[in-house]
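# Survey of secondary and tertiary structure
In case you want the letters, here they are:
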Amino acid sequence: MSDVAHHPLKFRLSEVEHRYGSNVHVLSDPFLGTQLAKLSSQETGQPAVNSIVRGLYRDLVRAVIATEFPRTRMEVVTRMADLTDRARLVIDGIDPSTRVVCVDIARAGMLPSQVCFDVLNNLLNPVGGRQDPLIMARTTDEGGRVTGAAIHGSKIGGPIDGRIVLLPDPMGATGTSLVNAVDAYKREVGGQPLKW
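Residues numbered from 1 in each chain as written. Predicted model: local features only at pLDDT ≥ 70, side-chain atom pairs only at ≥ 80, totals over all residues. Heavy atoms only, no water.

What follows concerns the overall build of the protein. Counting its secondary structure elements, the protein contains four helices and six strands. Ordered by position from N to C terminus, the α and β elements of the protein give α-α-β-β-β-α-β-β-β-α. Overall size of the protein, expressed as C-alpha extent along the three principal axes, is 75 × 40 × 35 Å. Every one of the 196 residues in the protein was classed for burial, and the buried ones make up 30%. (Helix = DSSP H or I, 4+ residues; strand = E, 2+ residues; numbered from the N terminus. Buried < 20%, exposed > 50% of the residue type's maximum accessible area, 1.4 Å probe, protein only.)

See the structure below:
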């Protein structure tokens, strides 16, 4: 379009130092921390719970998108084009052709997956996105002690090759649900996602 200078965006998360390894990101964000404290409070009930969860997951998925999703150079003619021939925005943006699977782990709550799916549909080409529900429940032994989680139903919508697979599990306590979900994709559809 033009010879407008292009300056690639640099984005880094503000993170808490930890020893979980480089693939784990614990955000250092006082706003989100305050919201999490409010959500965790004994005094917080509905409808505040859902409202806070929506806000937290909107911000969390934005952080994931900003750090993990492919970028592309974008050049846009702005609304100032009638006034100047320099009305161009050149930026590194998120590649709208990125294909995503948002896994809806129906165990601890489906709201996080729906929030992430909605954000992605507004940002990316919706044709490349889908939401796959996995119905899970805890498993117990003879003494009633929780032993893990099992998938009781699923509707996996197709292959995951070349897609980013998001697992917005609102619990994530022991990781059993997440491991079972990843195993289900490996077992039922195979393929190599762009990222988990």
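The subject of this paragraph is helix α2 (residues 48-68). Here α2 is 21 residues long and its end C-alpha atoms lie 30 Å apart, about the 30 Å a rise of 1.5 Å per residue gives. Within α2, the full set of buried residues consists of I52, V53, G55, L56, Y57, V61, A63, I65 and A66. Turning to α2, the residues buried within the fold contact α1 (30-40), β1 (71-77), β2 (88-94), α3 (111-123) and β6 (164-166). (Expected span 1.5 Å × (residues − 1). Contact = heavy atoms within 4.5 Å.)

Next up on the list: the pattern of salt bridges. With the rule as written, the count across this model stands at five salt bridges. In this structure, R62 engages D59 in a salt bridge whose closest nitrogen and oxygen atoms are separated by 3.4 Å. You can see R62 and its partner D59 sitting in helix α2, three residues apart, about one turn around the helix. (Salt bridge = Lys/Arg side-chain N within 4 Å of Asp/Glu carboxyl O.)

Quick look at the packing of α2 against α3 now. Close contact between α2 and α3 brings their axes to 9 Å; oriented N to C, the two are set at 50°. As far as their axial angle goes, α3 and α2 are oblique. Judged by the twist between their axes, the crossing of α2 over α3 is right-handed. Between α2 and α3, the contacting residues are N50, V53, R54, Y57, R58, V61 and I65 on the first element and L111, P112, V115, C116, V119, L120 and L123 on the second. A class-by-class count of the residues in the contact of α2 with α3 yields 11 nonpolar, one polar and two charged. (Axes fitted to C-alpha atoms, helices over the stretch in contact; angles between N-to-C directions. Parallel < 35°, antiparallel > 145°, perpendicular 65-115°, else oblique. Left-handed = near helix turned anticlockwise from the far one by under 90°. Nonpolar A, V, L, I, M, F, W, Y, C, P; charged D, E, K, R; others polar.)

One finds V61, I65, F69, V100, L120, L124 and L166 to be the most contacted residues of the largest nonpolar core, which totals 16 residues. Among the secondary structure elements, those contributing two or more residues to this core are α2, β3 (100-106), α3 and β6. If you tally residues by element for this core, the top one is α3, at five residues. Excluding residues within four positions of it along the chain, L166 makes contact with V61, V64, F69, V100, V101, C102, V103 and L120. (Core = buried A, V, L, I, M, F, W, Y, C linked by side-chain atoms within 4.5 Å.)

Inspection of the entire model under this criterion finds one aromatic pair. An angle of 70° between the planes, with centres 6.4 Å apart, marks the rings of Y185 and W196 as edge-to-face. With Y185 in helix α4 (residues 176-188) and W196 in the segment after α4, this pair connects stretches of sequence that are 11 residues apart. On the basis of relative accessibility, which here comes to 0%, the residue Y185 falls in the buried class. (Phe/Tyr/Trp six-rings, centres within 6.5 Å; stacked < 30°, edge-to-face > 60°.)

The next subject is the sheet that holds β3. The four strands lie next to each other as β5-β4-β3-β6, forming an open sheet whose pairing is mixed. A single partner strand is all that each edge strand has here, and the edge strands are β5 (146-154) and β6. Put simply, the sheet's adjacent strands are angled 30° from each other on average, direction ignored. As judged from the seven bridges shared by strand β4 (residues 129-140) and β5, these two strands associate in the antiparallel manner. In the strand pairing of β5, R138 is matched with A149. Contacting β3, β4 and β5, α4 crosses the sheet at an angle of about 40° to β5. (Pairing = 2+ DSSP bridges.)

Right, let's get into the packing of α1 against α2. Helix-helix packing is characterised by the crossing angle of the two axes and by the distance between the axes. Relative orientation of the contacting elements α1 and α2 amounts to 150°, with a least axis distance of 10 Å. It follows from the interaxial angle that α1 and α2 lie roughly antiparallel. Like other packed secondary-structure pairs, α1 and α2 cross with a definite hand, here left-handed. Contacts from F31, L32, Q35, L36, K38 and L39 of α1 reach α2 at V49, I52, V53, L56, D59 and L60.

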